[in-house]
Structure formats: structure tokens, C-alpha cells
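# Reading the structure
So the chains spell out like this:
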Amino acid sequence: MRRGIILAVVIGLAVAGLLGGVFQGEAHNAAPKGTPAASPAASPSGSPVALVGDVKAGKALASQCLACHTIDGKVAVGPTWLGLYGSEVELEDGTTVVADDAYLIASIKDPNAQVVKGFPKGAMPPYGSILTDQNIIDIVAYIRSLADE
């Protein structure tokens, strides 16, 4: 039964990702100048629909991440996670992105692709080959839970 539910969620996310990528591309082209860029359409979620993740599991997985990231707003080796989700993030190249599911997933998988301004490139290793996609989605769910704190 649980396997069926998980399969249905995965298929739903895949369809939403395909449709979201098409609509996101059209919306991105129509965005007024100066509007923060959306996450890359080719990113894992590619959709404005939030991914399902387990906050409790993400919090447990994040114990290693918290050696460099904080959850209280203080600056450390990496950006704080407090209030990060949904915020505008300035990158080293001067562009601005929204810290949504797609951006956070991409940043965990390949952190050197879009480095946050003021933080060193290469400080965070790419976790895409270390963590499973579900692990990453769970960590993002935990980061999302810190948005309103």
C-alpha cells in the first residue's frame, strides 16, 4: 500500500515537473527586468510545486550540515538556513535567485554551480553522489520548516 502511494507521488511530481518546466520557461521569458530569476527549469524539481519531504528525517540528516550552516541566523562557513527558504539570494556573479526547492536541491547536489555572495567557492563538497534524492528532499523540507521561525 505504502509503495503504491510513493509511486503515485513520484509520478505526480514527474508530471508536475514536466508541466512546470514548460510554464516556468514561459513565465521566465515574460518576467520584468530586475525580477529575481527562478530556479533553473532543468533542475530536479523544475516545478513551482513544493516537494514532499520528511522534516524530522531532514533534521536528523542535517546534523552534519550544521557544522557549517546555522539555524539561528548567525553567519558561519555557509549561509544560515534560518529564513533562507523563499528568500532572494545574491550570488557571487551578481545575479539573484529565489531559494526554493529547486535551487536548494541543486545547491546541495552541486554547491559550486551557484555560490552565495560572500561565501567561499569549494567550501561545500557536492553531496549529489553521497545523499539519495530522498535524503536531499528531506533536508530541503527541514530548511523550508525554518522559513517562518
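These numbers come from a predicted model, not from an experiment.

This next bit is on the overall build of the chain. A count of helices and strands for the chain gives four helices and two strands. Each helix and strand of the chain, placed in order from N terminus to C terminus, yields the pattern α-α-β-β-α-α. Restricting the contact set of the chain to residue pairs at least 6 apart, pairs at least 24 apart contribute 56%. When the accessible surface of the chain is totalled, it reaches about 8900 Å², and 62% of it is carbon and sulfur.

With that settled, the discussion passes to the pattern of salt bridges. Counted under the stated rule, the structure contains four salt bridges. Salt-bridge contacts for R144 lead to D101; the nearest nitrogen and oxygen are separated by 3.1 Å. Of this pair, R144 sits in helix 4 (residues 133-145) while D101 is found in helix 3 (residues 101-109), placing the two residues 43 residues apart along the sequence. When its relative accessible area of 24% is taken as the criterion, R144 is described as partly exposed.

The next thing to look at is helix 4. With 13 residues, helix 4 should cover 18 Å at 1.5 Å per step; its first-to-last C-alpha distance of 18 Å lies within 8% of that length. Within the sequence span of helix 4, burial applies to I136, I137, D138, I139, V140, A141, Y142 and I143. Against helix 2 (55-61) and helix 3 lie the buried residues of helix 4.

What follows deals with the packing of aromatic side chains. Ring pairs (aromatic) are described by centroid distance and by the angle formed between their planes. Applying the stated criterion to the full structure yields one aromatic pair. Between W81 and Y142, the aromatic rings sit 6.2 Å apart at their centres with planes inclined by 75°, giving edge-to-face as the arrangement. Of this pair, W81 sits in the loop between helix 2 and strand 1 (88-90) while Y142 is found in helix 4, placing the two residues 61 residues apart along the sequence. A residue is classified by how much of its surface remains accessible, and W81, at 5% relative accessible area, is buried. Positioned above the aromatic ring of Y85, the side-chain terminus of R144 is 5.5 Å from the ring centre.

Calculation rules
- Residues numbered from 1 in each chain as written.
- Predicted model: local features only at pLDDT ≥ 70, side-chain atom pairs only at ≥ 80, totals over all residues.
- Heavy atoms only, no water.
- Helix = DSSP H or I, 4+ residues; strand = E, 2+ residues; numbered from the N terminus.
- Contact = heavy atoms within 4.5 Å.
- Areas by Shrake-Rupley, 256 points an atom, 1.4 Å probe, with all protein chains shown as cover.
- Salt bridge = Lys/Arg side-chain N within 4 Å of Asp/Glu carboxyl O.
- Buried < 20%, exposed > 50% of the residue type's maximum accessible area, 1.4 Å probe, protein only.
- Expected span 1.5 Å × (residues − 1).
- Phe/Tyr/Trp six-rings, centres within 6.5 Å; stacked < 30°, edge-to-face > 60°.
- Lys NZ or Arg CZ within 6 Å of the ring centre and 35° of its normal.

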